[in-house]
Amino acid sequence: MTRKVPSFWILLLVLVGVSLWASPLRAQRVYIDINQPSFEQMPVAIPEFKRQNEQQPRYAGELSGMLGNALDSSGIFRILDPRGFLGDPQGIGVELNTIRFDDWRRLGADFLVRGQYRVEGDQLALEMRLFDAVAGRTVVGKLYTGSQGERRRMIQRFADEILFAITGERGNFGTRIAFVQQQGKDREIYLVDFDGSNPVPLTQDHGINLSPAWHPSGNKIVYVGFQGRHTKLFAIDVGSGSRRVLAEYPGLNAAAAWRPGHGELAATLSMGGNPDIYLLNESGGVVRQLTKGWSIEVSPCWSPDGNRLAYVSSETGNPQVYVLEVAGGSSRRITFQGTYNTDPAWSPKGDFIAYTGQAHGAFQIFVIRPDGSGNRQLTSGAGNNESPTWSPDGRLIAFSSDREGSRAIWVTVVNGQGLRRLTHLGGEQRMPDWSPRTTEK
Amino acid sequence: MLKQRLAKWLGWGRRSGQTLVCALLVVAMAGFMGCAKKQVPVSGTAAAVPGGGGIQQGAGSGMTEEQLGEQALMDKLGLHSEAERQAFMKQAQTFKNDDIHFDYDSYVLNAEAKGILDQKAVFVRKYPAVQVSIEGHCDERGTSEYNLALGERRAKSAWQYLVNSGIDGKILDAVSYGEERPLASGRDEASFARNRRAHFDLIY
């Protein structure tokens with residue numbers, strides 16, 4: 001496996017990102033607050049891009065489609081079907097004063113993206129602008145130049161610019177999701193791009209590999225692997241695929257989570273007699289035991305500042321989510337609804353914890369505040385929905401669902417909208433963990 | 001490892017020219033291997049041996065050292081005659097076939113489970129040289145991480161019961177496969193109930 005990061009740095013140097021227009025609008029208007037339950041996806045029209053010469057005519061539809069997919073994956077936009085658009089997209093202008101916003105508003109578009117491109121040799125010059133169709137204003141525009149092979153990156157960069165202009169925050173472009181690919185008896189760790197493209201195996205040992213968890217650097221993953229009958233914790237380098245045993249204590253070595261900013265990780269070990277959560281250093285040595293119970297303590301998950309730990313304990317007789325103040329050692333239960341609440345995942349901003357709970361016989365994703373208030377069911381309907389993980393921008397939650405039969409990775413906007421299936425592989429996909437933003441940003 | 005051991009054993013039987021015994025062993029092995037095949041975990045390394053490979057190796061030539069090894073195993077288990085060996089095989093099969101079962105999200109031993117464990121204690125007391133692997137399993141409902149821990153608690157419940165019955169804890173190894181090795185693939189209560197189990201394996 002080769003590393004993708006360096007090539008992108010080259011792209012950054014080669015690529016000339018010119019801000020064509022100053023956008024004072026940005027400061028004046030916060031377009032959306034996705035934390036509002038009333039938030040609805042914003043309809044955007046992306047007609048075919050305009051060719052500026054005769055080279056690579058297929059890019060006209062490919063590039064606009066690519067941008068549509070990228071924006072769709074953010075969960076914030078609803079991409080209008082281009083078949084409903086009026087007129088020849090090659091005949092429509094790309095600049096503010098040439099666009100008839102009335103027509104686009106009538107089609108239901110709040111926003112419009114126009115792009116044009118020119119190919120000379122291997123060089124691609126791609127210019128894109130986002131317009132506010134309601135206000136009839138330019139929101140953001142960029143010109144990118146680079147090799148043709150870098151066009152997907154250009155599209156993702158502009159999609160990121162759009163998200164930043166609209167929400168004030170960057171998106172998830174360039175991030176990846178680790179998950180467990182189950183095929184027959186094999187459970188391998190896989191990676192897939194944030195938008196569901198490029199699924200690749202990280203382990204290929206035909207064993208049982210579970211619970212992948214990204215290091216805050218985005219360079220390595222800790223996971224649980226069986227060797228013979230026993231579990232071990234492995235750390236695997238995402239770029240090279242090289243791995244080493246991190247922990248092989250007697251008994252269970254299960255689900256681990258790196259502690260942000262501390263060079264430590266929490267893991268479930270049962271060497272003390274029953275499954276408890278321990279703090280380990282990066283070499284796997286025990287720093288100290290974090291939970292001491294007679295029951296099951298599993299699924300550690302850190303607050304973004306690394307000061308608090310959410311975990312699952314069955315001390316009441318069934319699994320519930322607890323939050324531990326790591327320095328003081330005090331712990332409190334935060335889930336009280338239902339008799340089976342597991343798999344906590346702390347949001348990147350620290351304001352929410354997503355978890356898996358049982359409701360009416362099925363498993364669903366819930367969101368709750370770390371103090372136990374504001375409990376809310378996020379998924380509903382057919383099948384079981386489990387193992388939530390947050391996108392680095394905090395807008396999306398990926399999880400595994402069997403709503404279409406076999407388990408696959410699905411993504412939803414945090415307010416429950418924009419549900420879409422991310423993986424379309426054979427077998428089953430489980431236990432997703434979303435990477436942090438990479439150094440590309 | 002178990003497969004190879006048994007295959008060697010089978011080879012030893014053939015070489016001794018004890019045709020009838022061999023045939024009996026083959027019959028026993030069929031049941032034995034069928035059971036073992038379901039339970040033997042896939043190796044965590046790339047060098048995993050495909051199922052059945054051990055039998056071919058075992059039936060090959062150059063058995064002298066292995067024969068000695070098997071004789072040592074017989075002695076270790078206290079099996080001094082073919083009749084004793086057969087008796088052991090039969091009881092070992094029962095030992096491995098009888099799983100104990102649990103309620104949903106529970107690792108409490110019910111009366112039936114305790115009855116089965118009492119029988120297992122009798123076997124282990126009779127053959128104290130065996131090593132026992134207790135494998136805890138869960139149905140697929142609930143989350144994998146919790147089920148991995150729950151499976152271990154199930155195995156530990158059985159472990160504790162056997163230790164309380166006077167069995168040396170050192171010969172018992174409690175492990176968990178969580179929900180990763182179901183016996184039944186259905187998504188109905190009958191399948192779930194079969195999968196919520198502790199399985200017992202013998203390691204020689």
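Residues numbered from 1 in each chain as written. Chains lettered and ligands numbered in written order. Predicted model: local features only at pLDDT ≥ 70, side-chain atom pairs only at ≥ 80, totals over all residues. Heavy atoms only, no water.

Now for the pairing of strand E21 (residues 320–325) of chain A. Residues and elements named next belong to chain A. Counting buried residues along E21, five of its six residues qualify, which places the element largely inside the surrounding structure. Relative to E21, strand E20 (residues 308–313) runs antiparallel, the two sharing six bridges. Within E21, the position partnered with Leu309 by the bridge is Leu324. Where E20 folds back onto E21 in an antiparallel hairpin, the turn is made up of six residues, including Gly317, whose phi is positive at roughly 105 degrees. Connecting E21 to the next strand, strand E22 (residues 331–333), in antiparallel fashion are five residues, including Gly329 with a positive phi near 90 degrees. (Buried < 20%, exposed > 50% of the residue type's maximum accessible area, 1.4 Å probe, protein only. Helix = DSSP H or I, 4+ residues; strand = E, 2+ residues; numbered from the N terminus. Pairing = 2+ DSSP bridges.)

This part covers the packing of helix H5 (residues 82–97) of chain B against helix H6 (residues 111–126) of chain B. All names here are of chain B. One way to put it is that H5 packs onto H6 with a least axis distance of 10 Å and a crossing angle of 145 degrees. Like other packed secondary-structure pairs, H5 and H6 cross with a definite hand, here left-handed. Along the contact surface, H5 presents Phe88, Gln91, Ala92, Thr94 and Phe95, while H6 presents Lys120, Phe123, Val124 and Lys126. When the residues that make up the contact of H5 with H6 are grouped by side-chain class, the tally is five nonpolar, two polar and two charged. (Axes fitted to C-alpha atoms, helices over the stretch in contact; angles between N-to-C directions. Left-handed = near helix turned anticlockwise from the far one by under 90°. Contact = heavy atoms within 4.5 Å. Nonpolar A, V, L, I, M, F, W, Y, C, P; charged D, E, K, R; others polar.)

All names here are of chain B. Model confidence for chain B is summarised by a mean pLDDT of 77, while 69% of its residues fall at 70 or above. At the level of individual helices and strands, chain B shows its lowest average pLDDT in helix H3 (residues 53–59), which scores 38, and its highest in strand E1 (residues 100–101), which scores 98. In this model, residues 6–61 is a region of pLDDT below 50 whose contacts with residues beyond four sequence positions or in other chains number 85 contacts. Under the prediction, the complex receives an ipTM of 0.82, its pTM being 0.81. (pLDDT = per-residue confidence, 0-100.)

Once rolled over the atoms, a probe with the size of a water molecule shows which space is left empty. Empty space within the largest pocket amounts to approximately 920 Å³. Contributing to the lining of the largest pocket are 39 residues, with A:Trp214, A:Trp346, A:Thr389, A:Asp433 and A:Trp434 lying nearest its centre. Put simply, the parts of the chain that give the lining of the largest pocket at least two residues each are strand E11 (209–214), strand E15 (253–259), strand E19 (297–302), strand E23 (341–346), strand E27 (385–390) and strand E31 (428–434) of chain A together with helix H7 (144–164) of chain B. Per-class residue counts for the lining of the largest pocket are 24 nonpolar, eleven polar and four charged. (1 Å grid on protein atoms, 1.4 Å probe; cavity = no way out; pocket = protein on both sides within 12 Å on 5 of 7 lines; lining within 4 Å. Points joined across faces, edges and corners; volume = space filled by probe spheres on them.)

Tallying the contact residues gives 37 residues for chain B and 47 residues for chain A. Both sides together, the interface formed by chain B and chain A hides about 3,300 Å², and carbon and sulfur atoms give 51% of it. At the boundary of chain B with chain A, the tally comes to eight salt bridges. For the salt bridge of B:Glu179 with A:Arg407, the shortest nitrogen-to-oxygen distance reads 3.4 Å. The interface formed by chain B and chain A holds 16 residue pairs in polar contact (both at pLDDT 80 or more) in total. Every element with two or more residues in the side of chain B that touches chain A is listed here: helix H2 (19–39), strand E2 (131–137), H7, strand E3 (172–178) and strand E4 (197–203) of chain B. (Buried area = accessible area lost by both parts, 1.4 Å probe. Salt bridge = Lys/Arg side-chain N within 4 Å of Asp/Glu carboxyl O. Polar contact = N/O pair within 3.5 Å; in protein donor to acceptor, adjacent residues only side chain to side chain.)

Let us look at the sheet that holds strand E16 (residues 264–269) of chain A. Residue and element names in this part refer to chain A. Here four strands make up an open sheet; going across it, the order is E15-E16-E17-E18 and the pairing antiparallel. In the strand order of this sheet, the two ends are held by E15 and strand E18 (286–289), each with one partner. Here the strands of the sheet are splayed against their neighbours by 25 degrees on average, with no regard to which way each runs. Pairing geometry for strand E17 (residues 276–281) and E18, over three bridges, is antiparallel. Bridge pairing in E18 links Leu279 to Arg288.

This part is about the nonpolar core. Residue and element names in this part refer to chain A. In this structure, Phe49, Leu67, Phe77, Val113, Tyr117, Leu126 and Ile162 are the most contacted members of the largest nonpolar core, which totals 46 residues. When sequence neighbours within four positions are dropped, the list of residues in contact with Leu67 reads Ile46, Phe49, Val113, Ile155, Phe158 and Ala159. Formed by 44 residues, the second largest nonpolar core is a distinct cluster that contains Ala213, Trp214, Ala256 and Leu265. (Core = buried A, V, L, I, M, F, W, Y, C linked by side-chain atoms within 4.5 Å.)

Our focus in this paragraph is helix H3 (residues 59–74) of chain A. Residue and element names in this part refer to chain A. If you check H3, its first and last C-alpha atoms are 22 Å apart, about what 16 residues at 1.5 Å a residue would give, namely 22 Å. Listed in full, the buried residues belonging to H3 are Tyr59, Ala60, Leu63, Ser64, Met66, Leu67, Gly68, Ala70, Leu71, Ser73 and Ser74. Following H3 by one or two positions, Gly75 adopts a phi angle in the positive range, close to 80 degrees. (Expected span 1.5 Å × (residues − 1).)

All names here are of chain A. Burial within strand E28 (residues 396–401) is extensive, with six of its six residues counted as buried. Two strands pair when backbone bridges link them, and E27 and E28 are joined in this way by four bridges, in the antiparallel orientation. Counted as the bridge partner of Thr389 is Ala398 from E28. Counting the residues between successive antiparallel strands, the hairpin from E27 to E28 contains five residues, one of them, Gly394, with a positive phi of roughly 75 degrees.

The subject of this paragraph is the sheet that holds E22(A). Residue and element names in this part refer to chain A. Ordered in space as E19-E20-E21-E22, the four strands form an open sheet in which the pairing is antiparallel. At either margin of the open sheet sits one strand with a lone partner, and together these are E19 and E22. Each strand of the sheet is rotated relative to its neighbour by a mean of 25 degrees, with strand direction disregarded. The sheet contact formed by E21 and E22 spans three bridges and is antiparallel. Each bridged residue has a counterpart across the sheet, and for Leu324 the counterpart in E22 is Ser331.

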